[in-house]
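# Coordinates in review
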Amino acid sequence: MPTLRSSETLLPSSPIASPAMGKTDGKGSSTANKKRARSHSTDDGTPIKTHSPANRRSTSSNANGNGKVSKGELLCSPKSPRKRLSDQFSEKPKWNPTDPAQMQAVREALHVATAPSNVVCREEEQKRIFEFCKTCIEQERAGSLYVCGCPGTGKTLSMDRVKENVMLWSKEAGYELPDVLAINCTSLTNTVEIFTTILAKLYPRMKTNSSFSSLQHLQSLFSQSHSSPRRMILIVVDEMDYLITKDRAVLHNLFMLTTFPFSRCILIGIANAIDLADRFLPKLESLNCKPLVITFHAYLKDQILKIIQQRLMVLGYDVFQPLALEFCARKVAAASGDMRRALGVCRSAIEVLEEELRDPSKQGQCNIVTFDHMDIAISKAFKSTVINTIHSLPQHQQIILCALVNFFQQFKKNATTLGELNRSYVQICKSAHVPAAGTLEFTNMCTVLNDQGLLKLGKSKEDKLKRVTLQIDSSDITFAFKGNRFFQNCLEQR
Ligand SMILES: Nc1ncnc2c1ncn2[C@@H]1O[C@H](COP(=O)(O)OP(=O)(O)O)[C@@H](O)[C@H]1O
Ligand SMILES: [Mg+2]
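Residues numbered from 1 in each chain as written. Chains lettered and ligands numbered in written order. Predicted model: local features only at pLDDT ≥ 70, side-chain atom pairs only at ≥ 80, totals over all residues.

Before going further, it helps to spend a moment on the overall build of the protein chain. From N to C terminus, the protein chain includes 21 helices and eight strands. Burial analysis of the protein chain (494 residues in total) assigns 38% to the buried set. For the protein chain, the proportion of contacts with a sequence separation of at least 24, taken over those separated by at least 6, is 78%. (Helix = DSSP H or I, 4+ residues; strand = E, 2+ residues; numbered from the N terminus. Buried ≥ 20, exposed ≤ 12 C-beta atoms within 10 Å, placed from the backbone. Contact = placed C-beta atoms within 7 Å.)

Surveying the vicinity of ligand 1 reveals 18 residues, the closest of which are G154, K155, T156, L157 and M339. Where the shell around ligand 1 is concerned, the elements lending two or more residues are α7 (155-173), α12 (301-312) and α14 (339-358). The leading source of residues in the shell around ligand 1 is α7, at three residues. Looking at the shell around ligand 1, its residues break down into nine nonpolar, five polar and four charged. Counting contributing residues per domain, the shell around ligand 1 is built from domain 1 (12-33 + 119-296) and domain 2 (307-384), each supplying no fewer than three. (Near = placed C-beta within 6 Å. Nonpolar A, V, L, I, M, F, W, Y, C, P; charged D, E, K, R; others polar. Domains from an automatic or database assignment.)

This part covers helix α9 (residues 214-221). Among all positions of α9, only L215, H217, L218 and L221 are buried. Seen from one end, α9 has its buried residues packed into an arc of 160°, which puts them on one side. (Arc of directions from axis to C-beta.)

With parallel pairing, the five strands of this open sheet are ordered in space as β2-β3-β4-β1-β5. Both outer strands of the open sheet, β2 (179-184) and β5 (292-296), are each paired with one neighbouring strand and no more. Each adjacent strand pair in this sheet contributes to an overall mean axis angle of 15°, direction not counted. As paired elements, strand β1 (residues 143-149) and β5 share five bridges and run parallel to each other. Within β5, the position partnered with L145 by the bridge is L292. On top of the sheet, α7 reaches β1, β2, β3 (233-238), β4 (265-271) and β5; it is set at about 170° to β3, its chief contact. (Pairing = 2+ DSSP bridges. Axes fitted to C-alpha atoms, helices over the stretch in contact; angles between N-to-C directions.)

Turning our eyes to something else, we now look at the nonpolar core. Counting 82 residues, the largest nonpolar core has C133, I266, I268 and C402 as its most contacted members. The element contributing the most residues to this core is helix α17 (residues 395-411), with eight residues. Looking at this core, you find at least three residues from each of domain 1 (12-33 + 119-296) and domain 3 (389-492). Filtering out sequence-adjacent residues up to four positions away, C402 remains in contact with I428, I477, F481, F487, C490 and L491. In terms of nonpolar packing, the next biggest core, distinct from the first, is built from 37 residues, A109, C150, C346 and L353 among them. (Core = buried A, V, L, I, M, F, W, Y, C linked by C-beta atoms within 7 Å.)

Reading across the sheet, the three strands line up as β6-β8-β7 and stay open at both edges, with antiparallel pairing between neighbours. The outermost strands of the open sheet, each flanked by one partner alone, are β6 (416-417) and β7 (455-457). Summarising the sheet, β6 and strand β8 (residues 467-470) pair through two bridges and their orientation is antiparallel. Directly across from T416, in β8, lies its bridge partner V468.

Regular strands show a simple pattern: their side chains alternate between the two faces of the sheet. Of all the seven residues making up β4, seven are buried; the element is thus mostly covered by neighbouring parts of the structure. The alternating pattern of β4 places C265, L267, G269 and A271 and I266, I268 and I270 on opposite faces, both of which are buried. Taken together, the six bridges between β1 and β4 define a ladder with parallel strand orientation. Directly across from C148, in β4, lies its bridge partner A271. Sheet topology note: the β3/β4 ladder contains five bridges and is parallel. Bridge pairing links V236 to I268 in β4.

So this is what it looks like as structure tokens:
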């Protein structure tokens, strides 16, 4: 697998981010940009130039602004001009979509669980994280890093690559290999379990004194040279959003573990909420423990295109018309810049082609995914967006939806008032140890949910008397949170 093998193979552009820099510097770091949904240049600064006539045509064909191209232009019958053009430019063997082995290979190349051989468009972010870990190991110093960005922006994937590269580099450079602990917070039963997990990794055989919490054990161990582990430990805390508590104490205590005199923890927290930093970094800064922040911006159209093309390269044949891929990249970039979504749409377009091939009246007409197939897949994906919309909501809006479903189930009702909903929401926040938003913020969030068509707010002079009903099926909400322990607990609160 052509992954980055050593520090020398990494891009030589950005300055090394030392742990020390991470703690004191930060004003000029990416925090300033964290609320920007997406940047206006590609991550590696090299915008992709698409030279194919199909791409050039796509620009002109979209000049009408609706993103559609007339059907006649895209028919893939052997005589269509589009077909002749792609033949002229492609010397690859033809894909046979009726061959099950080939179809399986295409599905795999586009599956989110398939790790790509090369993580393109995230070279700079990977380099910065890698350099941070490298400096910590070289200086035998603890340090903390905070990675944030919307879902599907390659945070987990990039971090996995960095972990591999840190291990390779440590070995090559003759350093003792660090211990690695990867924790996905969605799998924790409660927030403080994070400390128990770290303690168990560092001291698997340790019998803990029950009068001390795992956090206190860790704090005490890291305060004394004889008890603190000598070996560095790389702790990657993914989906860190789930560690937010009312006073953010868990997050603070977690990051503070890197400040103890004999701590050897390289802590990397990864979060989806772009605004999480605003909520817990100021306190850490005041404690002189501000982590270095790296923001993963939503993917731009050209980046999505490049990533898909890169993933398809292993196949050796063309599966999509260039225009079809470009259409997908443009739509997904405009909606969210979420790579998971882009891959899902591509797989769905393949299913549309497969369905067409099963239709005897259309058989033999097409052996490539066309713009029309992609158009259908995109309409499907963006129409059945209720679940996706729920997934992409900020945590508190998700809690409000849970509170509403919970309330309706508990009292066998299908309408309530904003005041009652607020009580239910506050109750859930309390049980989940999450700080509840104030009444005004709560009302604003409900207005946003109303505008998104998820719930309906009635009219009343007094906010708290406004009638609230669901505009979507409550089963969509329970389905959306299936398998998510935190929200399942919210839904089951009584
Ligand atoms: N740069 C990339 N190159 C190839 N695939 C990518 C890239 N970025 C994201 N992906 C794909 O998108 C999926 C979601 O990425 P992930 O790292 O899990 O996102 P996040 O952790 O930011 O939510 C991954 O499973 C991966 O297959
Ligand atoms: Mg992730």
